[in-house]
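Chains, contacts and geometry: an overview
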Amino acid sequence: MTTKPSRRIRLTASFRSFIESEASGGIILMVVAALALVIANSPLSDGYFGLLKTYVGGLSILHWVNDALMAIFFLLVGLEIKREMISGQLSSWSRRALPGFAAVGGMVVPAAIFLAFNAGTETARGWAIPSATDIAFSLGVLSLLGSRVPLSLKVFLTALAIIDDLGAVLIIALFYSEGLNIPAVAGAAGVFIILMAMNRLGMVRLWAYLVLSVILWILVFKSGIHATVAGVLLALTIPMRGAKNGQASAESPLLKLEHAIQPWVGFAIVPIFGFANAGVSFSGVSLSNLADPVPLGVAAGLFAGKQIGVFAFAVLAIKLRLAERPAGASWFQIYGVAMLCGIGFTMSLFIGLLAYANSPLLQDETKLGVLLGSLLSAVIGAALLRVSLVRAPKA
């Protein structure tokens, strides 16, 4: 039976490479996060937490990880978003519709659930924590289910998570930036304008962009806007020349930079972030702590909010004929993927650190909620998908 052209899944080499690398990186992230939890609750815990608090060059190692290394992570996120918007899986309305609607639902409903537990209190500041989906972790879990997972589901999950990341970047810039240093903001804006002008004038030498990116990061860091936003701003200025028929030239500066940093981000930066931030000591923590508003709101937002929001908005878009159901995927499988979206690990932890920057207790409670919500989403989502794939007829 011939597949209709509109239902065909056409992947660029970059997008396919991205899915494969993120899946592998997600498996490493799972191992590293588990290791951090073990060390944080072992005799090695003092050394672990002491190392993170060690100052190097005026910043603690934890700050270097969260402010500098994660800027490179956000640079990759920005490059991926730009590439997919120009010549990839998000290059047209028909391609953006389903993951776009699902991403909106997956951000709004979890935030509403979190606020239901925290409204009217200072902890309400963490409303965005359960709104994020971890691309690497969720694709890593999906990859464990083998080749019987429809390619359309992988594309749907990846595109949704990319849009989700864009939403997280906007949230961080708008809601988690404080005490703006106007001269530094003006300086960063000036550097950004220069970078954009270089793009417009056809400058394709990457080294020139990278030299200015260091200045941009320093100014954004000093501005009061979170330093990681510099990575996204830089990504917007990197040229993507030669995009034709959904394919981009291998000589594109954007693709060159993306391919250069992708392995480092997936196999080094994100695991280092996970190791540095997933470690939470359970000493003095009881089951009653899980009933506190923050961990309960985060866990419920990720586990219940994500699956409800993503699935409901996806169904709405399909029923209204604004989007098509992923080719070869059943409703049950779409629901399973919606549950995997509740794995919020990397970005949820990151937003939690920003929301409760001055409260180690709330940061630890956030980690408990993220770990619980993500674990439930991963285990139950994978189980549902496994059952659905066993029942599905072979292609």
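Where an unreviewed UniProt entry is consulted, the protein appears under the name Na(+)/H(+) antiporter NhaA, with the organism given as Phyllobacterium myrsinacearum. Recorded under Catalytic activity (unreviewed entry), the UniProt text for the protein is reproduced unchanged: "Na(+)(in) + 2 H(+)(out) = Na(+)(out) + 2 H(+)(in)".

As a further point, take the overall build of the protein. Broken down by element type, the protein carries 14 helices and two strands. In the protein, buried positions account for 53% of the 395 residues. The contacts of the protein with a sequence gap of at least 6 include a subset with a gap of at least 24, amounting to 82%. When the accessible area of the protein is evaluated, it comes to approximately 17,400 Å², of which 69% is carbon and sulfur surface.

Counted by the stated rule, this structure contains two salt bridges. The partner of Glu258 in a salt bridge is Arg83, and the shortest N-O contact between them spans 2.5 Å. Separated by 175 residues along the polypeptide, Glu258 in helix H10 (residues 253–278) and Arg83 in helix H3 (residues 61–87) bring together distant segments of the chain. Owing to a relative accessible area of 0%, Glu258 belongs among the buried residues under this scheme. Assessed through its relative accessible area of 3%, Arg83 is described here as buried. Linking Asp164 and Lys306 is a salt bridge whose minimum nitrogen-to-oxygen distance equals 2.8 Å. Highlighted residues: Asp164 in helix H6 (residues 151–175) and Lys306 in helix H11 (residues 293–319), separated in sequence by 142 residues. Both residues of the pair, Asp164 and Lys306, count as buried.

Turning to its location among the elements, Val310 is positioned in helix H11. It is 8.6 Å that separates the C-alpha atoms of Val310 and Val109, two residues lying 201 residues apart in sequence. Leaving out residues up to four positions away in the same chain, Val310 has contacts with Ala102, Gly105, Gly106, Phe156, Leu160, Ala338 and Cys341.

Right, let's talk about the side chain of Ser388 for a bit. If you trace the backbone, Ser388 turns up in helix H14 (residues 360–391). The class of Ser388 is buried, set by a relative accessible area of 6%. Within the structure, the side chain of Ser388 is placed 2.8 Å from the backbone oxygen of Leu385, a separation counted as a polar contact.

Further remarks concern the packing of H6 against helix H13 (residues 345–355). Relative orientation of the contacting elements H6 and H13 amounts to 5 degrees, with a least axis distance of 12 Å. Of the possible angle classes, the one that applies to H6 and H13 is roughly parallel. Only Met347, Phe350, Ile351 and Leu354 of H13 make contact with H6, whose side of the interface consists of Asp165, Ala168 and Ile172. Of the residues contributing to the contact of H6 with H13, the split by class is six nonpolar, no polar and one charged.

For the rest of this paragraph, the subject is helix H8 (residues 206–223). An α-helical turn contains 3.6 residues, so a residue and the one three or four places further along point in the same direction. Along its 18 residues, H8 runs 25 Å from first to last C-alpha, staying within 8% of the 26 Å computed at 1.5 Å per residue. Turning to H8, its buried residues number three or more, namely Leu206, Ala208, Tyr209, Leu212, Ser213, Leu216, Trp217, Val220 and Ser223. Of the surrounding elements, those touching the buried residues of H8 are H3, helix H7 (182–200), helix H9 (229–237) and H10. Among the residues trailing H8, Gly224 stands out with phi positive, at a value near 100 degrees.

Turning our eyes to something else, we now look at the nonpolar core. Within the largest apolar cluster, 108 residues are counted, with the highest numbers of intra-cluster contacts made by Phe73, Phe74 and Phe345. The residues contacting Phe74, other than those within four sequence positions of it, are Val169, Ile172, Thr228, Gly231, Val232, Met347 and Phe350.

The rules behind these values
- Residues numbered from 1 in each chain as written.
- Predicted model: local features only at pLDDT ≥ 70, side-chain atom pairs only at ≥ 80, totals over all residues.
- Heavy atoms only, no water.
- UniProt positions renumbered as here; feature names shortened; annotations may be inferred.
- Helix = DSSP H or I, 4+ residues; strand = E, 2+ residues; numbered from the N terminus.
- Buried < 20%, exposed > 50% of the residue type's maximum accessible area, 1.4 Å probe, protein only.
- Contact = heavy atoms within 4.5 Å.
- Areas by Shrake-Rupley, 256 points an atom, 1.4 Å probe, with all protein chains shown as cover.
- Salt bridge = Lys/Arg side-chain N within 4 Å of Asp/Glu carboxyl O.
- Polar contact = N/O pair within 3.5 Å; in protein donor to acceptor, adjacent residues only side chain to side chain.
- Axes fitted to C-alpha atoms, helices over the stretch in contact; angles between N-to-C directions.
- Parallel < 35°, antiparallel > 145°, perpendicular 65-115°, else oblique.
- Nonpolar A, V, L, I, M, F, W, Y, C, P; charged D, E, K, R; others polar.
- Expected span 1.5 Å × (residues − 1).
- Core = buried A, V, L, I, M, F, W, Y, C linked by side-chain atoms within 4.5 Å.

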